[in-house]
Amino acid sequence: ENKPDLRLVATTLETREELVRRYRLASAHIEALEQAGALVLHQVDATQLVQTLAGEAFPLDGFHRIIFNFPYQVPGGIKDLRRLLGAFLEEARKCLAPDGVIEVALCAGQGGSGVDPSERGWAGCWRVPLLAAKASLALESVVPWLPPVG
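Report follows, based on the coordinates.

## Examining helix α4 (residues 78–95)
Moving on, step 1. Helix length check: α4 (18 residues) gives 26 Å between terminal C-alpha atoms against 26 Å at 1.5 Å per residue, within 8%.
Moving on, step 2. Here α4 has its buried residues at L81, R82, L84, L85, G86, F88, L89, E91, A92 and C95.
Moving on, step 3. Contacts from the buried residues of α4 go to α3 (49–52), β3 (63–69), β4 (96–105) and α5 (128–134).

Quick look at the structure:
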């Protein structure tokens, strides 16, 4: 049977110690990922992916899928969050395989796509379509995020 060569690289901005101290299930989740063959890296800056993923973590042909789940930074308001996401998209584009995709999970109403209405309006949303375009990317689809079952 011909199975594709898949590799999962999971990253966090925090150190492993910070995660374990902050989240009671972090250690078990990290161990499960590692036992499944994932490479788990800590202290990875999403705005400096090329630099922080250099070496064994970076596939020669680029990543086929890059997922940024619920980006957040403290302190800062919406303008700082947009800067974070914009810098991530610019950097992630450099790491993509030719047919690769970037997924960003946001809470309902945060994206600013028009498909995802926001009570905050354009001024209070992340402006994903605009940030993607600035990074020479195109917004392909908007789908609701659903938490995993179980």
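Having put the structure on the table, let's press on.
## Quick look at the environment of L84
Moving on, step 1. For L84, the position within the fold is in helix α4.
Moving on, step 2. The spatial distance from the C-alpha of L84 to the C-alpha of Q35 is 31 Å, given a sequence separation of 49 residues.

## Notes on the packing of aromatic side chains
Moving on, step 1. By the definition in use, this model includes two aromatic pairs.
Moving on, step 2. Aromatic side chains F58 and F63 sit 5.6 Å apart centroid to centroid with 75° between the ring planes, which places their arrangement in the edge-to-face category.
Moving on, step 3. The interplanar angle of 50° and the centroid separation of 4.4 Å between the aromatic rings of F68 and F88 together place this pair among those described as tilted. Of this pair, F68 sits in strand β3 while F88 sits in helix α4, and the two are 20 residues apart along the sequence. In this structure, F68 and F88 share a single accessibility class: buried.

The rules behind the values
Residues numbered from 1 in each chain as written. Predicted model: local features only at pLDDT ≥ 70, side-chain atom pairs only at ≥ 80, totals over all residues. Heavy atoms only, no water. Helix = DSSP H or I, 4+ residues; strand = E, 2+ residues; numbered from the N terminus. Expected span 1.5 Å × (residues − 1). Buried < 20%, exposed > 50% of the residue type's maximum accessible area, 1.4 Å probe, protein only. Contact = heavy atoms within 4.5 Å. Phe/Tyr/Trp six-rings, centres within 6.5 Å; stacked < 30°, edge-to-face > 60°.

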